[in-house]
Structure formats: C-alpha cells, structure tokens
Amino acid sequence: MIDMHCHLDLYKDPFHVVAEAAKKGVSILSVTTTPSAWNGTFALAKGHSCIKTALGLHPQIAHQRYNELNIFDELVPNVEFVGEIGLEGSAGWKEHLPIQTKVFRHILDKTQKAGGRTMSIHSRSAVTLVLDELEKYPDAGVPIMHWFTGTKTQVKRAIDFGCWFSVNLPMIRSKKGQSLLKIIPKERVLTETDGPFAKYKRVPLNPWDVSLCNEPLSEIWGVSQEESQNQVQDNFNAL
Ligand code: MN
C-alpha cells in the first residue's frame, strides 16, 4: 500500500496512526504545510523506514508563512522530498496568488539548486499557473500532482511535461476524476489519502485507507485488483 500524500502531523494522535500504518505495511510520504513543522513531523517517522517526510509550504498559508522560507532554504539540501507546495486559485485564496507565486518560485529555485527533488504539488484552480512555473524550473525534480482536478487539456499538458499523479478516493469516485484517469498513463499513477483533510463517509481517511482506491482503479484500468495493486507498487518502486 502506498500513501503518497498524507499529513501525519495533523492527526489527533499521530503516533497511533504511524504505529498502525507501520503494522499494516503502508509506505507513506508525510507532507508538511510549513517549514517550521519539519522537525516535529520528521521525528514522527523515526524508526520507520517506510515513512518519508517532505519539506513544504502549503499555498493556502503561503501569505501567512512566507517568512519561514529561510528555514526551507536551510533544510532543503538535506531532505529527500519536497511538498506540499504549489498554488491555490479558488475563492478565498485567489487574492493571495501574487505572494503564493513568489513563494512557489522561491521554493522551485532552491529545490533546483539543491539538485532537484520529488515534489508533491497542490494545483487546485491553478493548474495552468502551476505548469507555467514548473516549466521555468525544469530541473527542480519530479512533480507529483496531488488530487488533480484540472481539465483534460491541462492533464495532457502535465503528462507531456513529465508529471506523475497521486490520486485519492474522492478523485477516483468523481466522474471528472475517472475521465482524467482514462487519459493518465497508468505507469504515472500513485495512490494517496490526503488524510486527515480528505474524508470518507465523514471520517478522516487514515493512510491504510488507500486500499479503498484499489477496486475502483482496477475497474477504470480494466484489470484485476491484484494487477492494479501491483501496478501502483511497481510505479512507486520505479519512482
Ligand atoms: Mn494535502
């Protein structure tokens, strides 16, 4: 099981979630929303080689936390993954796009200078802007578009650029998500929960709930559930 985008530090009892996930054999990319959260979130993964921590600054709070970029700069040479980063263009955040863009550019520039990293990217209502920025920093690393909700034209552009996609239950269950998944090469698909933000039946998703993605994915791909599970695992290994 692969959960490529999870906010472990935001669960009520993160140590319990970590212990359960390790017991169940889930590989997790534990993303952070602020550079100052890195140390505490990294500590959660101690002793668990299946949990990797990513250094991020979430676009929804970029206008409040841009002063933490110096912490990002200090840490980025020594981290393996970057995320959650990106842009958010929907109501309530759209007015902060200028500062978000400055922050995103800064992060991509420093990540590129560090040699590039695998990055988990937020692009809600801002896919074109995100791709415009990614194209300016082609050596920033491998972008994984998390919970992609763009159009078919945008998804094709992202595929051509080399993006990967981490898909979650709400995406797989939506008509739009399903139509996108018919276009995305299955070799570029990973699973995620976006827990505890993302919920199923009003309950926050736990990392092991990525298993719920498998049956719908197998239906979309027209393969057995065993094959779809192996596909995602192979993709993770290839990445
Ligand atoms: Mn997230």
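Use the structure listed above.
A brief report on the enclosed structure follows. (Residues numbered from 1 in each chain as written. Predicted model: local features only at pLDDT ≥ 70, side-chain atom pairs only at ≥ 80, totals over all residues. Heavy atoms only, no water.)

1. Section: the overall build of the protein
Looking only at helices and strands, the protein has 11 helices and 10 strands in total. At 17 Å, the protein has a C-alpha radius of gyration in line with the 18 Å of a compact globule built from 239 residues. Considering only C-alpha atoms, the protein reaches an extent of 45 × 40 × 35 Å along its principal axes. Sorting the 239 residues of the protein into buried and exposed places 52% on the buried side. For the protein, the share of sequence-separated contacts (at least 6 apart) that also reach a separation of at least 24 residues comes to 69%. Summed over its atoms, the accessible surface of the protein is roughly 10900 Å², and 50% of this surface lies on carbon and sulfur atoms. (Helix = DSSP H or I, 4+ residues; strand = E, 2+ residues; numbered from the N terminus. Rg over C-alpha atoms; globule rule 2.2 N^0.38 Å. Buried < 20%, exposed > 50% of the residue type's maximum accessible area, 1.4 Å probe, protein only. Contact = heavy atoms within 4.5 Å. Areas by Shrake-Rupley, 256 points an atom, 1.4 Å probe, with all protein chains shown as cover.)

2. A few points about the coordination of the manganese ion
Surrounding the manganese ion are the protein donor atoms His5 (NE2), His7 (NE2), Glu84 (OE) and Asp194 (OD), at 2.2 to 2.3 Å. Each donor residue of the manganese ion lies on the same chain, and together they follow the pattern H-x1-H-x76-E-x109-D. Of this pair, His7 sits in the loop between strand 1 (2-6) and helix 1 (14-24) while Asp194 sits in the loop between strand 8 (189-191) and strand 9 (199-200), and the two are 187 residues apart along the sequence. Both residues of the pair, His7 and Asp194, count as buried. (Donors = N, O, S within 2.8 Å, 3.2 Å for Na, K, Ca; no water.)

3. Description of the pairing of strand 2 (residues 27-30)
Within a regular strand, the side chains alternate between the two sheet faces. Of the two faces of strand 2, both are covered, the one formed by Ser27 and Leu29 as well as the one formed by Ile28 and Ser30. The pairing of strand 1 with strand 2 spans 3 bridges and is parallel. Across the sheet, the residue bridging to Cys6 is Ser30, located in strand 2. Each parallel crossover has a hand, and the one from strand 1 via helix 1 to strand 2 is right-handed. As paired elements, strand 2 and strand 3 (residues 51-55) share 3 bridges and run parallel to each other. Residue Ile28 lies in a different strand from strand 3, and its bridge partner there is Ile51. (Pairing = 2+ DSSP bridges. Right-handed = clockwise from strand over helix to strand, strands pointing away.)

4. Details of the packing of helix 6 (residues 127-136) against helix 7 (residues 152-161)
Each pair of packed helices can be described by the angle between their axes along with the distance between the axes. Their axes nearest at 10 Å, the elements helix 6 and helix 7 cross at an angle of 20 degrees. Taken as axis vectors, helix 6 and helix 7 run roughly parallel relative to one another. Note that helix 6 runs across helix 7; the crossing there is left-handed. Across the interface between the two elements, Val127, Thr128, Leu131, Asp132, Leu134 and Glu135 of helix 6 pack against Gln154, Arg157, Ala158 and Phe161 of helix 7. (Axes fitted to C-alpha atoms, helices over the stretch in contact; angles between N-to-C directions. Parallel < 35°, antiparallel > 145°, perpendicular 65-115°, else oblique. Left-handed = near helix turned anticlockwise from the far one by under 90°.)

5. With respect to the side chain of His7
For His7, a relative accessible area of 0% translates into the label buried. Those residues in contact with His7 that sit more than four places away from it in its chain are Val31, Thr33, Glu84, Asp194, Gly195, Pro196 and Phe197.

Note that all results are geometric; they support no functional claim without further evidence.
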